[in-house]
Amino acid sequence: MPKLDFRYLKDFISEEEFSAKAAKAEEAHRTLLTKSGAGNDFTGFVELPEEYDREEFSRIISAAEKIRNQSDVLIVIGIGGSYLGARAVIELATSSLRNRLCKNGPEIYFAGCNLSPDYMAEIAEICEDKDFSVNVISKSGTTTEPAIAFRFFRELLEKKYGKEGAKERIFCTTDKARGTLKAVADKEGWETFVVPDDIGGRFSVLTPVGLLPIAAAGIDINELMVGAAEAKKEYENPVFAENEAMQYAAARNILLEKGKALELLVSYEPSFTQMAEWWKQLFGESEGKDGKGIFPCSAIFSMDLHSLGQFVQDGTRNLFETVVRFEKAQKKLAVAFDEENSDGLNFLSGMDMQEINEKARLGTLVAHTEGGVPNIVITCEERNPKEIGKLIYFFEIACAVSGYMLGVNPFNQPGVESYKKNMFALLGKPGYEDMKAAIEAKLD
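Quick caveat: nothing in here was measured; it's all calculated off a predicted structure.

A. Seen up close, the pairing of strand 5 (residues 170-174). With five of five residues buried, strand 5 is to be regarded as a mostly interior element. The side-chain alternation of strand 5 yields two buried faces, one formed by Ile-170, Cys-172 and Thr-174 and the other by Phe-171 and Thr-173. Relative to strand 5, strand 4 (residues 132-137) is paired through four bridges, and the arrangement is parallel. When the bridges of strand 5 are listed, Asn-135 appears paired with Phe-171. Crossover strand 4 to strand 5 through helix 8 (residues 144-167) is right-handed. Looking at chain direction, strand 5 and strand 6 (residues 191-194) are connected through four bridges and run parallel. Across the sheet, Thr-173 pairs through a bridge with Phe-193, a residue of strand 6. As a crossover connection, the stretch from strand 5 through helix 9 (residues 180-188) into strand 6 is right-handed.

Listed below in structure tokens is the structure:
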């Protein structure tokens, strides 16, 4: 399991303060597990690691193998929770340079997550001389960004392979029975997988939403689910002192009460970058409502120590850090000996880079805590599917508990709809005519 180290909070949170949160954390945890709180219709992720559809899981593995055999490129089309989790797991388990190295399966690119014409055209250029498939992920099929991207890449597929050939290269993850995408998929004969009704997008990485792209990347999704199932057993424990997901949620809430309104998620592995992006949606969308919540942000050290380090060390004292570290690196790399020692670094000769990375982490930890920044440290064994499955489930449970402790519904996102309505009005969507003039007046 991920192991939490709260030693670096001792100057910021007393044992009495921490213990005083136990009852509230246990109540929030009980609310989640008994499905008695706000948004309880979207708590299916709690049982998911043990109660997922095995037949569909087998179809996912078969479809992934088909993609791997027939395609040099897989384009995953989705936005928010429909792509962040898959991208996070793929890069964390392999490398942020996976597409360049690409030793195991197709290159994987993500579209429908922005509206940039340049970005979409560049992905199309990559596919010009390569065989490709598409996995479109949308519960409704009408979300603007992925719907536009799917129109574009479906047309490319049909031009290249014909309608029948394209049918074998389109995989839809959508609603079980309703929605535009499901209707079109059934009509065209595309293979479909289900976005569960009781799991929201930001909690959906361990459903077909995330599992098909992850499996297509050659990652063992059985191990991913085994890790999540082990975490489920660990974090269903109702006792605060024995449940670190509850403890993390409690620590966050205490720090917020002390004015620490920003949480900086840090890792010393560049391959963690997209996992941090997934985490930001998970916590930001779950807690940021009703004028409440901790703003989630992220950094990769030691790289960002040379850009953000000054602010973290000496800036406004309104943040805390959560550092995710991995005990084992996937590769060993020692520092070379330089006969001239022109850079003065021969004292590091023969030392493994993982040890140097760890010393950088420890040095930064001391500096930042002495500078007034509380630190929570989460230690994982290594970057493999089983450990990643545990980490995902840990964060999901902690997020839900933290939201209930904060007094919000962790499973809705009412604020997300505001920009969409304004965008539709400006684009001239039927039914939004009255809004358009009002919005344009505000922009003048």
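We are not done yet, so read on.
B. Examining the environment of Leu-156 more closely. Checked against the element boundaries, Leu-156 lands in helix 8. We classify Leu-156 as partly exposed; its relative accessible area is 27%. Spatially, the C-alpha atoms of Leu-156 and Glu-91 are 27 Å apart, while their sequence positions differ by 65 residues. Those residues in contact with Leu-156, other than ones at most four positions away along the chain, are Ala-124 and Phe-132.

C. Main features of the packing of helix 5 (residues 84-93) against helix 10 (residues 208-216). Packing of helix 5 against helix 10 leaves a shortest axis separation of 8 Å and a crossing angle of 35°. Where helix 5 crosses over helix 10, the two elements pack in a sense that is right-handed. The segment helix 5 lies against helix 10, with Ala-86, Val-89 and Ile-90 engaging Gly-210, Pro-213 and Ile-214. Residue classes in the contact of helix 5 with helix 10 are distributed as five nonpolar, one polar and no charged.

D. Just the nonpolar core, in detail. Core analysis: the largest hydrophobic core is formed by 94 residues, its most contacted members being Phe-272, Trp-278 and Phe-395. At 13 residues, the largest contribution of residues to this core is made by helix 16 (residues 385-406). Leaving out residues up to four positions away in the same chain, Phe-272 has contacts with Leu-92, Leu-265, Ser-267, Ile-300, Val-324, Phe-326 and Leu-391. The next biggest cluster of nonpolar side chains, apart from the first, holds 22 residues, and it includes Ala-124, Val-134, Ile-170 and Trp-190.

E. The arrangement of helix 8 in detail. Spanning 24 residues, helix 8 covers only 23 Å between terminal C-alpha atoms, well under the ideal 34 Å at 1.5 Å per step. When the local axis directions of helix 8 are compared, the greatest deviation, roughly 115°, occurs at Tyr-161. Listing the buried residues of helix 8 in full gives Thr-144, Glu-145, Pro-146, Ala-149, Phe-150, Phe-153, Leu-157 and Ala-166.

F. Molecular detail of empty space enclosed by the protein. Applying the stated rule across the entire model yields two cavities of 30 Å³ or more. Approximately 90 Å³ is the volume found for the largest cavity. Together, Ser-267, Tyr-268, Glu-269, Val-324, Arg-325, Phe-326, Gln-354, Asn-357, Glu-358 and Arg-361 line the largest cavity. Every element with two or more residues in the lining of the largest cavity is listed here: strand 9 (319-326) and helix 15 (353-370). The greatest single-element share of the lining of the largest cavity, amounting to four residues, is contributed by helix 15.

Criteria and cut-off values
Residues numbered from 1 in each chain as written. Predicted model: local features only at pLDDT ≥ 70, side-chain atom pairs only at ≥ 80, totals over all residues. Heavy atoms only, no water. Buried < 20%, exposed > 50% of the residue type's maximum accessible area, 1.4 Å probe, protein only. Helix = DSSP H or I, 4+ residues; strand = E, 2+ residues; numbered from the N terminus. Pairing = 2+ DSSP bridges. Right-handed = clockwise from strand over helix to strand, strands pointing away. Contact = heavy atoms within 4.5 Å. Axes fitted to C-alpha atoms, helices over the stretch in contact; angles between N-to-C directions. Left-handed = near helix turned anticlockwise from the far one by under 90°. Nonpolar A, V, L, I, M, F, W, Y, C, P; charged D, E, K, R; others polar. Core = buried A, V, L, I, M, F, W, Y, C linked by side-chain atoms within 4.5 Å. Expected span 1.5 Å × (residues − 1). Bend = angle between axes of the 7 residues up to and from the residue. 1 Å grid on protein atoms, 1.4 Å probe; cavity = no way out; pocket = protein on both sides within 12 Å on 5 of 7 lines; lining within 4 Å. Points joined across faces, edges and corners; volume = space filled by probe spheres on them.

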